[in-house]
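Coordinate inspection notes
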Amino acid sequence: MSDACILQFAPFESFVSPTFWHKLAELKLDYDRLSDAERSISGHYTNRKASGCLLEVDYTAYNSAAQAPKFSHAAVGHIYNKNTIEEFKALDKSALLADEGKQLLADMKSGRVLNDPNLLARFFVLSFADLKCHSYYYWFAFPCPLTPTLQLECSPTKLKELHNCGPIVAAIRALPAESQNFFILYANERENVCETRSLSAALTNFNESDAQHYYYCFADASEYENPAWLMRNYVAFLLHQCPTLVGQTLKFMGLRYDQQMALDNSLIWQVLQAEKCNYDELRFVGWEPNANGKMGPRLANMRDSMDPAKLAENMINLNLKLMKWRLVPDLNLEILAQTKCLLFGAGTLGCAVARNLLSWGFKHITLLDNGKVGHSNPVRQSLYTHADAVAGNRMKATTAAACLLKINPSAVTKGFVLEIPMPGHTVGESLRLETVQHLQLIEQQVLEHDVIFLLTDSRESRWLPTLLGASHSKVVINAALGFDSYLVMRHGSTRQEFADAQQIQHIAGLKCIAGQQLGCYFCNDVTAPGNSLKDRTLDQQCTVTRPGVSNIAASYAVELLVSLLQHPQREMAPAYYANSREQQNTEAQQPEGLLGILPHSVRGMLCNYENVLPATQKFAQCIACSERVLAAYRSEGHAFLFKTFETAKYLEDLTGISEFKRLNSEIIDFDEDQFDLSEAEDD
């Protein structure tokens, strides 16, 4: 038999949309992680004005309920995405092809193909995704059994050349488009019958006499004289299902639509398989050659095709998503991305906190500050440059917000230039309207955000945000600096609910304070904040610290927030502490959340490189978060606030702590004769 009489097939060529790789990267990072198990995918091919013999995949390939596009038919496949390039190279490719081929053969033998002919259009992908470089190594295969050759009885015939073309075309058009991938056409001219039958209807109870009038039809994705590769599987299935067809001439019709949806150029091949096939000892073929025509993988570099903002977002979150692979599988990154953070202060602490928030995947960051970028700022405040200082009129809040967008284009950042009204800082009549506007803006921003960071450089500027955070039950994180010391703390919650008693563990050697009983920044004070800038020299007006202190404190502040958001009780989580040095030296273990312990506060000293984790309860007469102060603010609003701005003593009188000051100032005289401190008694 000459080669000219043997039917050849047009092999499939893969066409991969960039969205296929983008979706694979997302699935690998968020779901598969270290798993390299096979994943079911789908593809599609078209027989309308087909170009080449293409099988296409895009992002919908991973959707189990995906449907093929219009004028296309579905193909069934798998993807094997390996974790390393070494695994990709070392995998036994022949064994993988054989395993996939056996699955195809099993579907033929079980009869699944009768009910789902899409199973005849098979493919799989072996891949390795280099997510750091956005490079994808891949190799497509279209498994097909190596069955005996098909003898071509005559040259292919076009459908339009058949004298009964009209009834055949009418019967095919009556068939729904989704059923035209594989079916059988019964055309009996003597009985003037022309109808389509599904594979299940025609082959389950195979009729030898009807078979003489059968055209075995399929959607042909080939533009060549040779049929598409999937006809090989079609033939193998038919001859396995109906062994009596071996040695008989069979008519296969490859449906090919043109641009006007005419079927005139569809081809008919009359073929014969002379030899029987041993389906138990079949070998399989189907690996796709690479672009050089050699057997080997291809490389897709997606760096240039990806949107720069999307590329940045994927790379920014890469470190966070890799945490979920092994280290912290239960880490909830979505809650971080959705949490809205409001930063009071855009100086050294504000810049460092904002950068750390971006590193953790926070997207919503708003900064409030009234300062301009000065020449002394850029070396300590990481969101500003020398050019910002030279400009002379760039405000910190708006400049910092713009810089954050340059770092992460997908972030939602805003900056507002305003003064934070403070107790003891009298507001003149000329500034009253502006102060009211600033108050309204601050109140609006507090309401719109979930977390408040107190990062300003004076004690009194933290009072109003503390009050508003307590009044609106916001999470409040405070960071304050000394020369070589720092304090980072979370304020107690004011949410109207109580922690479940069962969730508070009683541990020997440790004290516990429930989340709603924890104190705020002002709870340890017995004086109201005054004007800390009045009658102060330059070194007293500026925050003079060792340069590393701010970065340490900012890091602790953000880490404390992240641990809080990952805790099942969030801001209601209790804090544990040892109330004596002896207890600190015991081996009592604090309960841990997802990321470790959750202290009330962290006090650190660089002079001895030591941290302590104290916890304090709410003070019933606190000048910022006590019920008296909150009730006064809620009932009087701005009128109450302006009283505190006029004089800080108003807060002392309101809360009653002025009584503490009075008692402390009293001098009590004792008569020395009342005390007999003899050495004998001393002993």
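Predicted model only: the values in this text are computed from it and were never measured. (Residues numbered from 1 in each chain as written. Predicted model: local features only at pLDDT ≥ 70, side-chain atom pairs only at ≥ 80, totals over all residues. Heavy atoms only, no water.)

1. What about the pairing of strand E11 (residues 214-219)?
The test is simple: Relative accessible area decides the class of each residue, using a 1.4 Å probe on protein chains only: under 20% of the type maximum gives buried, over 50% gives exposed, and in between gives partly exposed. Strands are runs of DSSP state E lasting at least 2 residues, helices are runs of H or I lasting at least 4, and numbering of each runs from the N terminus. At least two DSSP bridges between two strands are needed for those strands to be called paired.
Among the six residues that make up E11, six are buried, leaving the element largely enclosed by the rest of the structure. With burial as the criterion, each face of E11 is covered, one bearing Tyr214, Tyr216 and Phe218 and the other bearing Tyr215, Cys217 and Ala219. Of the strand pairs in this sheet, strand E9 (residues 182-188) and E11 are connected by five bridges, and their pairing is antiparallel. Counterpart to Leu185 in the pairing with E11 is Tyr215.

2. Regarding empty space enclosed by the protein
Quick note on the threshold: A 1.4 Å probe that fits into a set of points on a 1 Å grid over the protein atoms alone but cannot get out defines a cavity; an open set with protein on both sides within 12 Å along at least five of seven lines defines a pocket, and lining residues are those with an atom within 4 Å of a point. Grid points are joined across faces, edges and corners, and a volume is the space filled by probe spheres set on the points. Under the scheme applied, nonpolar residues are Ala, Val, Leu, Ile, Met, Phe, Trp, Tyr, Cys and Pro; charged residues are Asp, Glu, Lys and Arg; polar residues are all the others, including Gly.
Applying the stated rule across the entire model yields five cavities of 30 Å³ or more. For the largest cavity, the calculated volume is near 80 Å³. If you trace the largest cavity, you find it lined by Thr466, Gly469, Ala470, Ser473, Lys474, Val476, His491, Gly492, Thr494, Cys520, Lys618 and Cys625. By residue number, the principal contributor to the lining of the largest cavity is helix H16 (residues 463-471), which donates three residues. Of the residues that constitute the lining of the largest cavity, the class distribution is four nonpolar, six polar and two charged. Its volume calculated, the second largest cavity comes out at about 60 Å³. As for the second largest cavity, its lining consists of Leu24, Lys28, Asp32, Ser35, Asp36, Ala37, Arg39, Ile79 and Asn81.

3. Some points on the domain arrangement of the protein
The following threshold applies: The split of the chain into domains comes from an automatic or database domain assignment. When two components associate, each loses some accessible surface as probed by a 1.4 Å sphere; the sum of these losses over both components is called the buried area. What counts as a salt bridge is simple: a side-chain nitrogen of Lys or Arg found within 4 Å of a carboxyl oxygen of Asp or Glu. Between N or O atoms, a polar contact is any pair within 3.5 Å; within protein, one atom must be a potential hydrogen donor and the other a potential acceptor, and residues adjacent in sequence are included only when both atoms are from side chains.
One can read the domain layout of the protein as domain 1 (5-145), domain 2 (152-284) and domain 3 (317-425 + 448-617). Between domain 1 and domain 2, the C-alpha centre-to-centre distance is 25 Å. For the pairing of domain 1 and domain 2, the buried interface totals around 3,700 Å² over both sides, and the portion due to carbon and sulfur atoms is 66%. A per-residue breakdown of the area domain 1 buries against domain 2 is headed by Phe9, Asn47 and Leu114, which together make up 18% of the total. At the junction of domain 1 with domain 2, the criterion picks out one salt bridge. Asp280 is the partner of Lys109 in a salt bridge, and the nearest nitrogen-oxygen pair spans 3.2 Å. Where domain 1 packs against domain 2, one counts 13 residue pairs in polar contact (both at pLDDT 80 or more). Secondary structure elements with two or more residues in the side of domain 1 that touches domain 2: strand E2 (39-46), helix H3 (93-110), helix H4 (112-115) and strand E6 (135-145). With eight residues, the single largest contributor to the side of domain 1 that touches domain 2 is H3. Of the residues contributing to the side of domain 1 that touches domain 2, the split by class is 25 nonpolar, nine polar and five charged.

4. Topic: the side chain of Thr339
Rules: Two residues form a contact once any of their heavy atoms are found within 4.5 Å.
When you line up the elements, Thr339 lands in the loop between helix H11 (333-338) and strand E16 (340-344). Discounting chain neighbours no more than four positions away, the residues touching Thr339 are Phe362, His364, Asp450, Val451 and Leu565.

5. Thoughts on the packing of helix H15 (residues 432-448) against helix H21 (residues 638-646)
This is how it is decided: Each axis is a line fitted through C-alpha atoms, and for a helix only the stretch in contact is used; angles between axes span 0 to 180 degrees, taken between their N-to-C directions. Take the far helix as the reference: if the near one is turned anticlockwise from it by less than a right angle, the crossing is left-handed, and if turned clockwise, right-handed.
It is the contact of H15 with H21, at a shortest axis distance of 12 Å, that shows an interaxial angle of 120°. When the axes of H15 and H21 are compared, the crossing they make is right-handed. When H15 is examined against H21, the residues Arg432, Thr435, Val436, Leu439, Gln440 and Glu443 are found in contact with a partner set consisting of His638, Leu641, Phe642 and Phe645. Residues belonging to the contact of H15 with H21 are distributed by class as follows: five nonpolar, three polar and two charged.

6. Let's talk about helix H20 (residues 627-636)
Quick reminder of the rule: Here, the arc refers to the directions that run from the helix axis to the C-beta atoms.
Here H20 has its buried residues at Val629, Leu630, Ala632 and Tyr633. The arc that holds every buried residue of H20, seen down its axis, measures 160°, which confines them to one face. Those residues of H20 that are exposed and aimed more than 90 degrees away from the buried face are Glu627 and Ser635. Close packing links the buried residues of H20 with H15, H16, H21 and helix H22 (649-655).

7. Observations concerning the packing of aromatic side chains
How we decide: Only centres within 6.5 Å qualify two rings of Phe, Tyr or Trp (six-membered ring in Trp) as a pair; their planes then separate them into stacked at under 30 degrees, edge-to-face at over 60, and tilted for everything else. The criterion for a charge sitting over a ring is simple: Lys NZ or Arg CZ within 6 Å of the ring centre, and within 35 degrees of the ring normal.
Per the counting criterion, the structure on display carries 26 aromatic pairs. Seen from their ring centres, Tyr216 and Phe252 are 5.4 Å apart, and the 40° between their planes marks the pair as tilted. Of the two residues, Tyr216 sits in strand E11 while Phe252 sits in strand E12 (residues 249-255), which places them 36 residues apart along the sequence. For Tyr216, a relative accessible area of 1% corresponds to the buried category. The rings of Phe12, Phe20, Trp21, Tyr45, Tyr62, Phe123, Tyr136, Tyr138, Phe140 and Phe142 are connected pair by pair, giving a single aromatic cluster. Taking the ring centre of Tyr521 as reference, the NZ or CZ of Arg462 above it sits at 5.4 Å.

8. Description of the environment of Ala129
For Ala129, the position within the fold is in strand E5 (residues 122-130). Ala129 gets classed as buried once you look at its relative accessible area, which sits at 12%.

9. Some points on the packing of H20 against H21
Applicable threshold: If an angle is under 35 degrees, it is roughly parallel; if it is over 145, roughly antiparallel; if it lies from 65 to 115, roughly perpendicular; otherwise it is oblique.
The geometry of H20 relative to H21 is characterised by a closest axis approach of 6 Å and an angle of 125° between their N-to-C directions. Comparing the axis directions of H20 and H21 gives the class oblique. Side by side, H20 and H21 meet where Val629, Ala632, Tyr633 and Glu636 of the first sit next to His638, Ala639, Phe640, Leu641 and Lys643 of the second. In the contact of H20 with H21, the residues fall into six nonpolar, one polar and two charged.

10. What to know about the pattern of salt bridges
Tallying each qualifying case throughout the model produces 18 salt bridges. Of the charged contacts in the structure, one is a salt bridge between Lys82 and Asp36, with a shortest N-O distance of 3.3 Å. Of the two residues, Lys82 sits in strand E4 (residues 72-82) while Asp36 sits in the loop between helix H1 (18-32) and E2, which places them 46 residues apart along the sequence. The exposure class of Asp36 is partly exposed, given its relative accessible area of 27%. Each of the salt bridges in this network shares a partner with another, and the network as a whole consists of Asp107, Arg112 and Arg122.

11. Points about the sheet that holds strand E21 (residues 485-490)
Judged by pairing direction, the sheet is mixed, and its eight strands sit side by side in the order E18-E17-E16-E19-E20-E21-E24-E25 without closing on themselves. Strands with a single pairing partner mark the edges of an open sheet, and in this sheet they are strand E18 (412-417) and strand E25 (610-612). Taking each pair of neighbouring strands and ignoring which way they run, the sheet shows an average axis angle of 15°. Where helix H12 (residues 348-359) meets the sheet, it contacts E16, strand E17 (364-369), strand E19 (451-454) and strand E20 (475-481), and its direction lies at approximately 165° from that of E16. Contacts from H16 reach E16, E19 and E20 within the one sheet, and its direction differs from that of E19 by about 160°.

12. Regarding the environment of Leu175
By the element assignment, Leu175 lies in the loop between helix H5 (165-173) and E9. Taking relative accessible area as the criterion, Leu175 reaches 15% and is therefore assigned buried. What Leu175 contacts, discounting residues up to four positions off in sequence, is Gln180, Phe183 and Thr196.

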